[in-house]
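Inside the fold
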Amino acid sequence: MLKKKNILLKNGRVIDPINGIDSISDVLIIDGMISMLSQSIKPEYEDIEVVDVSRKIVVPGLIECHVHLREPGYEDKETIETGSRSAAKGGFTTIICEPNTNPPIDEIEAVENLMGRIKDKALVNIYTKACITKSSKGEALTDIEKLGGHSGVVAFSDDGNPVLKKGLMEKGLSLAELNKKPLSPHCEDSASLSVKDFSEAELGFSPGKIFENEANFISRDIGYARSTGCHVHFSHVSLRESIDHIRKWKGVVNITCETTPHHLLLDRSYRDISGEVPNVNPPLRSQDDVESIKKGLCEGVIDVIASDHAPHTVDDKKAGAPGVIGMETTLGLIFNELVRPGIISLKDAIIKMSTNPAKIFKIPGGSLLPGTSADVTIIDMDKEWEVDVNNFESKSRNSPFQGWKLKGQAVMTIVAGKIVMKDGVVIRHR
Ligand code: DOR
Ligand code: ZN
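From a predicted model like this one, the values you see are computed outputs, not experimental measurements.

In this structure, the amide linkage connecting Asn102 to the following residue, Pro103, adopts the cis form with an omega of 0°. Topologically, Pro103 is positioned in the loop between strand 7 (92–97) and helix 2 (108–121). Across the junction of Asn281 and Pro282, the peptide omega takes the value 0°, indicating a cis bond. Positive phi, normally seen in glycine, also occurs at Asn11, with a value near 65°. Relative to the helices and strands, Asn11 is located in strand 1 (residues 6–16). For Asp47, which is not glycine, the phi torsion reads 50° and is therefore positive. Mapping Asp47 onto the fold places it in the loop between strand 3 (33–38) and strand 4 (48–52). We classify Asp47 as partly exposed; its relative accessible area is 37%.

Quick look at the structure:
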């Protein structure tokens, strides 16, 4: 076992929203833990690496709560190793992965198998969501109570598929509530599960056109969050009407939500470098929807920015697989496109990429409080760079932002006191 080095971060601008900190300070990391935040800490500790972080931002490790790692089953797209390298490169110290693997994460054995792989291969902290229904087919519930009892499972989702039957959704929510773990539904039609095959009585709402039912699902599920008391965290919201429902019920019912950089920054008129509209689910929406998503983010209706990092091979994309990768671009995009123009504050960006995901999924992190594990991200706001998928750590290349020129990037990622990325170079410690 490699001995943990002690680290002294000198002279950074430390922003830690949950502890009300925004000041120039040193941060001392001893034996993997945050030891002290103070001005002018002297490096009088054994085996200490002093890092000058002046003119840099030091924040609680970023948390990405919607990641497809694809392992087990689709290792040609991504693996725990490449996905966690991609996270480290992007400044994320903790990620939460989706259960639509093969086999899916719908039984406790699958959770244990995944956790074993994570222990062997991960460079960052990884938790998982488990399926709401068996194989995410929407027919029978998983053993939500048992799955929710596992410490590695932090939420439930049938990612990629909506839960169409209202009865299953309501029962699923009441079971998730037993372990006080959120249920995070995907509120869109999918290629295999569409509202058109179900009646209004089964769905609990009158179905609209395919891919236009997000707000119907959200409105229905807010009702069930209310009746069951279960926390519902809506995955990647994308429509004005969805935001309007969530705005109305936030604070009354236990609901939170996330959106993605692509739904915040791109509308359906966008063409990527190959001249195509990026194929993603939910699809890119209208300019009006994009405006309402941005407004929702500023007003705090949207709690979290999460990329829905969805790696696919070139052939799978050609064959129509929806999804875009995101972990290596989220930070630069949010800083360049939203923080720099003053649409959201630096503090709000950190809240939505660290403080809130930690709180919502009840996982460690989101704080630089002394005595907690030293998960820290260091950001250079002035670093100019161009998105080039050929430099990505991810195995896949399906970014809609190829060629974008950005300012602002993570320059160091520290997980439990170990530097796993420095100046863009990912470092494995075993
Ligand atoms: O575009 C998407 N791709 N949206 C999803 O919800 C699922 C994901 C995937 O698994 O590729
Ligand atoms: Zn997803």
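Neighbouring ligand 1 are 14 residues; Arg70, Asn100, His186, Asn281 and His312 lie closest to it. Arg70 places a side-chain nitrogen or oxygen 2.7 Å from an oxygen atom of ligand 1. Asn100 places a polar side-chain atom, nitrogen or oxygen, 3.0 Å from an oxygen atom of ligand 1. Burial of ligand 1 by the protein amounts to 94% of the accessible area it has alone, namely 290 Å².

Glancing now at the UniProt feature "domain: Dihydroorotase catalytic" (unreviewed entry) in the protein chain. In the numbering used here, UniProt assigns the "domain: Dihydroorotase catalytic" (unreviewed entry) feature to residues 56–242. Between the end C-alpha atoms of residues 56–242 the distance is 37 Å, and the span holds 35% helix and 16% strand.

Strands sit in the order 10-11-12 across an open sheet of 3 strands; the sheet is parallel. Lying at the two open borders of the sheet, with one neighbouring strand each, are strand 10 (232–234) and strand 12 (304–305). As judged from the 2 bridges shared by strand 11 (residues 255–259) and strand 12, these two strands associate in the parallel manner. From the neighbouring strand, Glu258 faces strand 12, where its bridge partner is Val304.

Next up on the list: the layout of surface pockets. One number sums up the size of the largest pocket: a volume of about 710 Å³. Along the wall of the largest pocket there are 29 residues; nearest its centre are Asn100, Asp159, Gly160, His312 and Pro322. Residue composition of the lining of the largest pocket, by class: 9 nonpolar, 16 polar and 4 charged. The calculated volume of the second largest pocket comes to roughly 440 Å³. Residue composition of the lining of the second largest pocket, by class: 7 nonpolar, 9 polar and 5 charged.

Looking now at helix 6 (residues 214–228). Look at helix 6: 21 Å from first C-alpha to last across 15 residues, which is about the 21 Å you get at 1.5 Å a residue. Of the residues making up helix 6, those classed as buried are Glu214, Ala215, Phe217, Ile218, Arg220, Asp221, Ile222, Tyr224, Ala225 and Thr228. Contact partners of the buried residues in helix 6: helix 4 (166–178), helix 5 (200–203), strand 10, helix 7 (240–249) and strand 11. Just past helix 6, the residue Gly229 takes up positive phi, approximately 80°.

Formed by 97 residues in total, the largest nonpolar core has its most connected members in Ile95, Ile126, Phe156, Phe234, Ile334 and Phe335. Residues within four places of Ile334 in sequence aside, it is in contact with Pro261, Leu264, Ile305, Val339, Ile344, Ala349 and Met353. Listed in part, the 17 residues of the second largest apolar core include Ile7, Val14, Val27 and Ile29.

Moving on to the coordination of the zinc ion (ligand 2). Every protein donor of the zinc ion (ligand 2) is accounted for by His66 (NE2), His68 (NE2), Asp159 (OD) and Asp308 (OD), and the metal-donor separations fall at 2.1 to 2.3 Å. Taken together, the 4 donor atoms coordinating the zinc ion (ligand 2) span angles of 74 to 157° at the metal, a pattern that classifies the geometry as irregular. Read in sequence order, the donor residues coordinating the zinc ion (ligand 2) give the pattern H-x1-H-x90-D-x148-D. You can see His66 sitting in strand 6 (residues 62–67) and its partner Asp308 sitting in the loop between strand 12 and helix 10 (314–318), a full 242 residues away along the chain. Residue His66 shares its accessibility class with Asp308, and that shared class is buried.

Calculation rules
Residues numbered from 1 in each chain as written. Chains lettered and ligands numbered in written order. Predicted model: local features only at pLDDT ≥ 70, side-chain atom pairs only at ≥ 80, totals over all residues. Heavy atoms only, no water. Helix = DSSP H or I, 4+ residues; strand = E, 2+ residues; numbered from the N terminus. Buried < 20%, exposed > 50% of the residue type's maximum accessible area, 1.4 Å probe, protein only. Near = heavy atom within 4 Å. Polar contact = N/O pair within 3.5 Å; in protein donor to acceptor, adjacent residues only side chain to side chain. Areas by Shrake-Rupley, 256 points an atom, 1.4 Å probe, with all protein chains shown as cover. UniProt positions renumbered as here; feature names shortened; annotations may be inferred. Pairing = 2+ DSSP bridges. 1 Å grid on protein atoms, 1.4 Å probe; cavity = no way out; pocket = protein on both sides within 12 Å on 5 of 7 lines; lining within 4 Å. Points joined across faces, edges and corners; volume = space filled by probe spheres on them. Nonpolar A, V, L, I, M, F, W, Y, C, P; charged D, E, K, R; others polar. Expected span 1.5 Å × (residues − 1). Contact = heavy atoms within 4.5 Å. Core = buried A, V, L, I, M, F, W, Y, C linked by side-chain atoms within 4.5 Å. Donors = N, O, S within 2.8 Å, 3.2 Å for Na, K, Ca; no water. Tetrahedral: all angles 85-135°; square planar, octahedral: opposite > 155°, others 65-115°.

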